[in-house]
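The residues making up each chain are set out below.
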Amino acid sequence: MAYRDLREFVRRLEKEGELKRVRTEVDPILEITEIVQRVGRDAWRAHPQRQKPSVHSGVPVGPKGPTPGWSEGVGPALLFEKPRGSRVPVLVNAFGSERRMCLAFEVGALDEVAGRIRGFLDMQSPAGLFDKIKMLPKLAELGSFFPKTVKTGDCKEVRRHGNDVNLFDFPILKCWPEDGGRFITFPLVFTRNPETGKRNVGMYRMQVYDERTTGMHWQTQKHGAEHFRRAREANPEGRIPVAVAIGSDPATALAGMLPIPPDLDEMMFAGFLRRDPVEMVPCETNDLEVPANAEIILEGYVNLNEMRTEGPFGDHTGFYSLEGEFPVFHVECVTHKKEPVYLTTVVGPPPQEDFYMGHAVERVFLPVMKMQYPEIVDVAMPAEGIFHNLMIVAIRKSYPGHARKIMNAIWSLGQAMFTKVIVVVDHDVDIHSYGEVVWKTLCAIDPERDVQFVFGPMDTLDHAARMQDYGSKMGIDATRKWAAEGFTRPWPGEIRMDELTRAKIDAIWKTLGL
Ligand SMILES: Cc1cc2nc3c(=O)[nH]c(=O)nc-3n(C[C@H](O)[C@H](O)[C@H](O)COP(=O)(O)O)c2cc1C
Ligand SMILES: [Mn+2]
């Protein structure tokens, strides 16, 4: 049974021992972040094995009990019951471990979600990966995961319009000392493609400027930004309706971060993930729809001719993302449950909660990637690589230049286009052991020959790129080099003891007193 709403997920987390309540009054300005950092650092330090998803995503519970780190993540989910200045409790870290991501998707292991997607994709085999993902709506129709419109929902229990709207009623965090203000960090931002009418949902942070105005940080390559541009081309002086939902059942709440193709409805995907259609209600003041079970809804518009300075913001890079010009969201109406919970997350120096959210996406989409590129054996994205900076890929190399072909494939694959450094190794390297990756990569390269640079779109948050959103990327071919690639020297074998000697020593080992 799919979770009814966020509250039901909170109850489940509590039952599973995954949630702690904080009853002391604490300030959403900085103090909550500091508490989240402390529980996170302690948990991460205690479990250095946590970064081995090949071990812990497939077999969460082995004969010796759960794999260390599977449940700890960045510490427990935290429900702050008394945030200073608000009557609304704050939920943070709800998805901050692999175990909680599995609870969110109601599976024993993330591979199960991947398996369901693969099951659908196996039924058809259109040409490209994106075409494959685009098949999902049709396939999902079979399973009737399409969102359902309903007349009303819990998110409408309280309604406020115009001057009665006050964003400061909610315990919106200011996370880090130099942040430009308070930021809503876990929203679902709803827009429609002005040309096709299709819905998009994205998770884009929103800086609170005053009671009824926020920033809208959709980065230039994201679908919300594309809707904005298309509408502006048609009518530069106009506006587009925007609705924001904060807090929903877990699959729906997470759908805003999914790196799926444009015009594929994230709410359909959420229905697929929760195995039950998402119920949508019409907004009060525009023609958008929002999840009926949401905790809080903000309705309003974005002017197409208005930009405002947004930031700085302590970001998931571990640095402040700089000030920039972004559109402005004007809130005209707020609706919410009678006793809403405010869902948020803290980003900052890795690892944070978002590592586990991104890690789940990586594991769930890996089989889709493998279907398109069967030579890919596995992919690893260390937390400190913050998703876009480093991807380690193991391939079964079959022909000259194969590693470079895979780099180009990844740079053309949806949001993987942002990957700054790709390291391609042979299939026999354990890419979840970063020590082994460093060792074998550095032994395998002649840097001038094996490093390739390309130019292209960059993550907006990359502060080292020569320009915002545009820069260079690097691919390292760390596979064994072949004669067919112009490498004519012999390639040495890796040192390993022979079986006979090992067996002999095994036989006398206990007598050696070591
Ligand atoms: C906690 C969190 C915060 C995020 N903040 C932003 C943001 O401020 N701006 C942005 O463009 N993407 C942000 N993202 C990434 C987007 O949600 C992600 O790229 C998503 O796929 C965008 O949806 P779209 O493809 O429909 O545009 C964030 C992701 C997470 C997990
Ligand atoms: Mn989208």
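For the structure itself, look to the data block above.
Residues numbered from 1 in each chain as written. Chains lettered and ligands numbered in written order. Predicted model: local features only at pLDDT ≥ 70, side-chain atom pairs only at ≥ 80, totals over all residues. Heavy atoms only, no water.

Chemist: Explain the overall build of the protein chain here, please?
Modeler: The helix and strand inventory of the protein chain stands at 14 helices and 25 strands. For the protein chain, whose C-alpha radius of gyration is 24 Å, the value lies close to the compact-globule estimate of 24 Å for 514 residues. Per-residue burial over the protein chain gives 57% buried out of 514 residues. Nonlocal contacts in the protein chain, meaning residues at least 24 apart in sequence, comprise 72% of its contacts between residues at least 6 apart. Working note: accessible area of the protein chain is about 22,400 Å², and carbon and sulfur atoms make up 54% of it. (Helix = DSSP H or I, 4+ residues; strand = E, 2+ residues; numbered from the N terminus. Rg over C-alpha atoms; globule rule 2.2 N^0.38 Å. Buried < 20%, exposed > 50% of the residue type's maximum accessible area, 1.4 Å probe, protein only. Contact = heavy atoms within 4.5 Å. Areas by Shrake-Rupley, 256 points an atom, 1.4 Å probe, with all protein chains shown as cover.)

Chemist: Whenever I open this one, the coordination of the manganese ion (ligand 2) confuses me. Can you help?
Modeler: When four donors bind a metal tetrahedrally, each ideal donor-metal-donor angle is 109.5 degrees, and when six bind octahedrally, the ideal angles are 90 or 180 degrees. Around the manganese ion (ligand 2), the donor atoms from the protein are Asn200 (OD1), His223 (ND1) and Glu266 (OE), and they sit 2.1 to 2.2 Å away. Between consecutive donors of the manganese ion (ligand 2), the numbers of intervening residues give the motif N-x22-H-x42-E. Here histidine 223 is found in helix 7 (residues 223–234), whereas its partner glutamate 266 is found in helix 9 (residues 266–274), with 43 residues between them in sequence. Across the pair, exposure class does not vary: histidine 223 and glutamate 266 are buried alike. (Donors = N, O, S within 2.8 Å, 3.2 Å for Na, K, Ca; no water.)

Chemist: How should I be thinking about the sheet that holds strand 15 (residues 289–291) in this particular structure?
Modeler: The pairing of strands in a sheet comes from backbone hydrogen bonds and takes either a parallel or an antiparallel form. Overall, mixed pairing links the three strands, which are arranged 6-14-15 in an open sheet. Of all strands in the sheet, those with a lone pairing partner are strand 6 (148–149) and strand 15, marking the two edges. Pairing of strand 6 with strand 14 (residues 279–282) involves two bridges; the strand directions are parallel. For threonine 149, the partnering residue across the bridge sits in strand 14 and is methionine 280. (Pairing = 2+ DSSP bridges.)

Chemist: Where do I start with the site of ligand 1 in this structure?
Modeler: Close to ligand 1 lie 20 residues, the nearest being Met203, Tyr204, His217, His223 and Gln415. One of the backbone N or O atoms of leucine 258 is found 3.1 Å from an oxygen atom in ligand 1. Surface burial for ligand 1 is 89%, taken as the share of its 640 Å² of free accessible area covered by protein chains. Comparing atom positions with the cavity grids shows ligand 1 to sit within the largest pocket. For the shell around ligand 1, the leading source of residues is strand 10 (residues 199–202), giving three residues. Here the shell around ligand 1 is composed, by residue class, of eight nonpolar, nine polar and three charged. (Near = heavy atom within 4 Å. Polar contact = N/O pair within 3.5 Å; in protein donor to acceptor, adjacent residues only side chain to side chain. 1 Å grid on protein atoms, 1.4 Å probe; cavity = no way out; pocket = protein on both sides within 12 Å on 5 of 7 lines; lining within 4 Å. Sits in = over half its atoms within 2 Å of the grid points. Nonpolar A, V, L, I, M, F, W, Y, C, P; charged D, E, K, R; others polar.)

Chemist: How should I be thinking about the pattern of salt bridges in this particular structure?
Modeler: Between side chains of opposite charge, a pair can form when the charged atoms approach closely. Enumeration according to the criterion identifies 38 salt bridges in this entry. Two residues, glutamate 14 and arginine 21, come together in a salt bridge whose shortest N-O distance is 2.7 Å. The class of arginine 21 is partly exposed, set by a relative accessible area of 32%. Where lysine 440 meets glutamate 494, a salt bridge forms, and the shortest distance between an N and an O atom there is 2.9 Å. Within this pair, whereas lysine 440 is found in helix 12 (residues 434–444), its partner glutamate 494 is found in the loop between strand 25 (470–477) and helix 14 (499–508), the two being separated by 54 residues in sequence. Given a relative accessible area of 36%, glutamate 494 falls into the partly exposed group. Where salt bridges share partners, they join Arg12, Glu16, Glu18, Arg99 and Arg100 into one cluster. (Salt bridge = Lys/Arg side-chain N within 4 Å of Asp/Glu carboxyl O.)

Chemist: Sorry, what's going on with the packing of helix 4 (residues 98–105) against helix 10 (residues 353–372) here?
Modeler: Helix-helix packing is described using two parameters, namely the angle between the two axes and the distance between the axes. Where helix 4 contacts helix 10, the axes come no closer than 9 Å and their chain directions differ by 60°. By the angle between their axes, helix 4 is oblique relative to helix 10. The interaxial crossing formed by helix 4 with helix 10 has right-handed handedness. Mapping the contact onto sequence places Glu98, Met101 and Phe105 in helix 4 and Tyr356, Met357, His359 and Ala360 in helix 10. The residue inventory of the contact of helix 4 with helix 10, partitioned by class, reads five nonpolar, one polar and one charged. (Axes fitted to C-alpha atoms, helices over the stretch in contact; angles between N-to-C directions. Parallel < 35°, antiparallel > 145°, perpendicular 65-115°, else oblique. Left-handed = near helix turned anticlockwise from the far one by under 90°.)

Chemist: Could you clarify how one ought to interpret the packing of aromatic side chains in this entry?
Modeler: The description of an aromatic ring pair uses the distance of the two centres, along with the angle that the planes make with each other. Under the definition given, this model contains 14 aromatic pairs. When the centroid spacing of 5.0 Å and the interplanar angle of 75° are considered together, the rings of phenylalanine 355 and tyrosine 356 count as edge-to-face. The buried category is assigned to phenylalanine 355, whose relative accessible area is 8%. Grouping aromatic residues by their ring pairs yields a cluster made of Tyr3, Phe9, Phe95 and Phe186. One cation-aromatic arrangement involves arginine 116 over phenylalanine 272; the distance from NZ or CZ to the ring centre is 4.3 Å. (Phe/Tyr/Trp six-rings, centres within 6.5 Å; stacked < 30°, edge-to-face > 60°. Lys NZ or Arg CZ within 6 Å of the ring centre and 35° of its normal.)

Chemist: Even after reading the chapter, I still don't get the pairing of strand 21 (residues 376–380), so can you show me in this structure?
Modeler: One face of the sheet, then the other: side chains in a regular strand alternate in exactly this way. The buried count for strand 21 comes to four of five residues, which makes it a mostly enclosed element. Pairing of strand 21 with strand 22 (residues 390–395) involves four bridges; the strand directions are antiparallel. Bridge pairing in strand 22 links alanine 380 to isoleucine 392.

Chemist: Looking at this structure, how should I read the pairing of strand 25?
Modeler: Sheet analysis places strand 23 (residues 421–426) next to strand 25, joined by four bridges and oriented parallel. Each bridged residue has a counterpart across the sheet, and for valine 424 the counterpart in strand 25 is aspartate 477. Here strand 24 (residues 451–457) pairs with strand 25 via seven bridges, running antiparallel. Its bridge partner lying in strand 25, phenylalanine 455 is registered against serine 472.

Chemist: Help me understand a nonpolar patch on the surface, please; the structure alone is not making it clear to me.
Modeler: On the surface, Ile505, Ile508, Trp509, Leu512 and Leu514 cluster together into a nonpolar patch covering about 510 Å² of accessible area. By secondary structure assignment, the location of isoleucine 508 is in helix 14. (Patch = residues over 30% accessible without salt bridge, like charges linked within 9 Å, V, L, I, M, F, W, Y side chains within 5 Å.)

Chemist: Whenever I open this one, helix 2 (residues 31–46) confuses me. Can you help?
Modeler: The α-helix winds at 3.6 residues per turn, so residues separated by three or four positions along the chain end up facing the same way. In this model helix 2 runs 23 Å from its N-terminal to its C-terminal C-alpha over 16 residues, within 8% of the 22 Å that 1.5 Å per residue would give. Here helix 2 has its buried residues at Ile32, Thr33, Val36, Gln37, Gly40, Ala43 and Trp44. The arc enclosing the buried residues of helix 2, seen along the axis, measures out at 145°, which places them on a common side. For helix 2, the exposed residues set more than 90 degrees away from the buried face come down to Arg38, Arg45 and Ala46. Residues of helix 2 that are buried make contact with strand 4 (77–80), strand 5 (90–92) and helix 10. (Expected span 1.5 Å × (residues − 1). Arc of directions from axis to C-beta.)

Chemist: What is the right way to look at the sheet that holds strand 4 in this model?
Modeler: The mixed open sheet is built from four strands, whose spatial order is 1-4-5-20. Strand pairing shows two members of the sheet lacking a second neighbour, strand 1 (19–22) and strand 20 (342–343), which therefore form its edges. As judged from the two bridges shared by strand 5 and strand 20, these two strands associate in the parallel manner. By the bridge assignment, valine 90 is partnered in strand 20 with tyrosine 342. The strands touched by helix 2 are strand 4 and strand 5; relative to strand 4, the strand with the most contacts, the crossing angle is about 155°.

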